Amino acid sequence: MKTRGAIIKAVGQDWEVVDLELGEPNDHEVLIEVHASGLCHSDAHLTDGDLQVELPFVGGHEGAGIVRKVGAQVTRVAVGDHVCTSFIPVCGVCKWCTTGRSNLCKNGYLMEQGKSMDGTYRFSYGGEGLGALCRLGTFADHIVCSEQQAIKIDDDIPLDVACLVSCGVATGFGAAVNVAEVKPGDVVLIVGMGGVGVNAVQGAAAAGAAHVVVVDPVESKRERAGQFGATATFATVAEALPYIHERTEWQGTDATIITVDRAMGDIIAEAFRTVAKSGSCVLVALGPDTEIIPIHPQELQTMSRSLKGVMFGDCNPIADIPSLLAQYKAGKLKLDELVTTRYALDDINQGFVDMKSGKNIRGVLVHDHAAA
């Protein structure tokens, strides 16, 4: 079938909306009519060259839509189901899935190439196969993906907010709750309040942190931080330090979470040094693969600090996507308030301009059939 989607043809160029050919789902795949896709900085890493893939490439991974066709052996979802896309597949039987770490499922192997699990392409353009971000490509009106990446959700949840849980919400919330293991009374620093950082704020607040400190250079984001649970905001880490020292007897934070737009080595080192003895620094943000983190071994050893990576907030997509949406329905998790601006597919480049300028907490791409 034919569908429209946004592709990147070369690093540094804008997204281009083109007509794509989309193959049929195989026995274990589903065809999803995509209704909404969050504009995540991971997608911008493609155009910036931080994520190196074979171009052209279809963008988008933070999606939600409706299943329109299923393969012969699909059992997890059915035609008509509303779903969120999971950028991590969940096979359910590998070492990682069976030990409660499905965010590291072995079927995520080679997903950066954008090919389906069988090693073939589902999208094509000009007669050539195209990869899709995380094997999804939710910047297209329709996608074909593994049933392992389609998570059924309640039909009454608006798809233009449900999509946010597919990446930014789960990653940020989980970074605070699952990875940093924030506890009641903790002092937590969030460096960067974009679409992931704002949910780290929500997670830290929900976990009972006494102080949730946000650092972001954009004033409008700092002004909104309190709405999501922040107790103090600052433009820089240096400006935040006196506040942190005063409340911790100069010990430092229990946890610092890095959710900036690009994780540069000096930013990571500065954030790491805010952490107290036995505290943790959680690195969520992506950056260029050329970056070096200037941290001396003694800063880890003598203080018993930890620097942790995170994938999908250490969440289980099958369990945690519905769980987070249940919290939203119960009024315990803010999703509507995350959406700053909605864009049509043809306006996708404006969406990324607004993201990089700091205008948006989260922009959402709404596909033409979203009202159907």
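Up top is the structure.
What counts, and where the lines are drawn
- Residues numbered from 1 in each chain as written.
- Predicted model: local features only at pLDDT ≥ 70, side-chain atom pairs only at ≥ 80, totals over all residues.
- Heavy atoms only, no water.
- Buried < 20%, exposed > 50% of the residue type's maximum accessible area, 1.4 Å probe, protein only.
- Helix = DSSP H or I, 4+ residues; strand = E, 2+ residues; numbered from the N terminus.
- Contact = heavy atoms within 4.5 Å.
- Pairing = 2+ DSSP bridges.
- Salt bridge = Lys/Arg side-chain N within 4 Å of Asp/Glu carboxyl O.
- Patch = residues over 30% accessible without salt bridge, like charges linked within 9 Å, V, L, I, M, F, W, Y side chains within 5 Å.
- Areas by Shrake-Rupley, 256 points an atom, 1.4 Å probe, with all protein chains shown as cover.
- Expected span 1.5 Å × (residues − 1).
- Axes fitted to C-alpha atoms, helices over the stretch in contact; angles between N-to-C directions.

Engineer: Let's hear about helix α1 (residues 41-48): which residues, and what values?
Structural biologist: Burial analysis of α1 places 6 of its 8 residues in the buried class, the great majority of the element. Among the residues making up α1, those that are buried are His41, Asp43, Ala44, His45, Leu46 and Thr47. If you follow the buried residues of α1, they end up packed against β1 (2-8), β3 (29-39), β4 (57-58), α11 (348-357) and β18 (362-366). Once α1 finishes, Gly49 follows within two positions and takes phi at roughly 90 degrees, a positive value.

Engineer: Quick one: what's the story with unusual backbone geometry, residue by residue and with numbers?
Structural biologist: As a rule of thumb, non-glycine residues mostly have phi less than zero, and peptide bonds are mostly trans rather than cis. Omega for the bond connecting Leu55 with Pro56 falls within 30 degrees of zero, at 0 degrees, which places this linkage in the cis form. A positive phi is found at Ser278, a non-glycine position, where the angle reads about 65 degrees. For Ser278, the location among the structural elements is in strand β15 (residues 275-283). For Ser278, a relative accessible area of 57% translates into the label exposed.

Engineer: Can you break down the sheet that holds strand β2 (residues 16-22) residue by residue, with the values?
Structural biologist: Taken in spatial order, the 5 strands close into a barrel running β1-β2-β7-β8-β4, and their pairing is mixed. Pairing of strand β7 (residues 123-125) with strand β8 (residues 128-132), which is carried by 3 bridges, proceeds in the antiparallel orientation. Across the sheet, Tyr125 pairs through a bridge with Glu128, a residue of β8.

Engineer: Tell me what's going on with the pattern of salt bridges, and back it up with residues and numbers.
Structural biologist: Taken as a whole and judged by the stated rule, the model has 16 salt bridges. Between Glu246 and Arg247 there is a salt bridge, with the nearest N and O atoms lying 3.5 Å from each other. The exposure class assigned to Glu246 is exposed, which follows from its relative accessible area of 62%. A single salt-bridge network, built from bridges that share partners, covers Glu29, Asp118 and Arg122.

Engineer: Got a sec to walk through a nonpolar patch on the surface? Specific residues and values, please.
Structural biologist: Judged by side-chain polarity, Ile293, Leu300 and Leu307 come together as a nonpolar surface patch covering roughly 210 Å² of accessible area. Structurally, Leu307 is set in strand β16 (residues 306-309). In this structure Leu307 comes out as partly exposed when scored by relative accessible area, which is 34%.

Engineer: Account for helix α7 (residues 237-248), naming residues and giving values.
Structural biologist: For α7, with 12 residues, the first-to-last C-alpha span of 16 Å sits near the 16 Å given by 1.5 Å per residue. Within α7 the residues assigned to the buried category are Val237, Ala240, Tyr243, Ile244, His245 and Thr248. On its buried face, α7 sits against β11 (187-191), β12 (211-215), β13 (232-234), β14 (253-258) and α8 (265-272). With its phi angle positive at about 55 degrees, Glu249 sits one or two positions after the end of α7.

Engineer: If you had to explain the sheet that holds β12 to someone new, which residues and values would you point to?
Structural biologist: Note on sheets: strands pair through backbone hydrogen bonds, and any given pair is parallel or antiparallel. Strand order in the open sheet formed by 6 strands is β13-β12-β11-β14-β15-β16, with parallel pairing between adjacent strands. In this open sheet, the two strands that pair with only one neighbour each are β13 and β16. On average, adjacent strands in this sheet sit at an angle of 20 degrees to one another, irrespective of strand direction. With 4 bridges joining them, β11 and β14 adopt parallel strand pairing. When the sheet's bridge partners are listed, Val188 is paired in β14 with Ala255.

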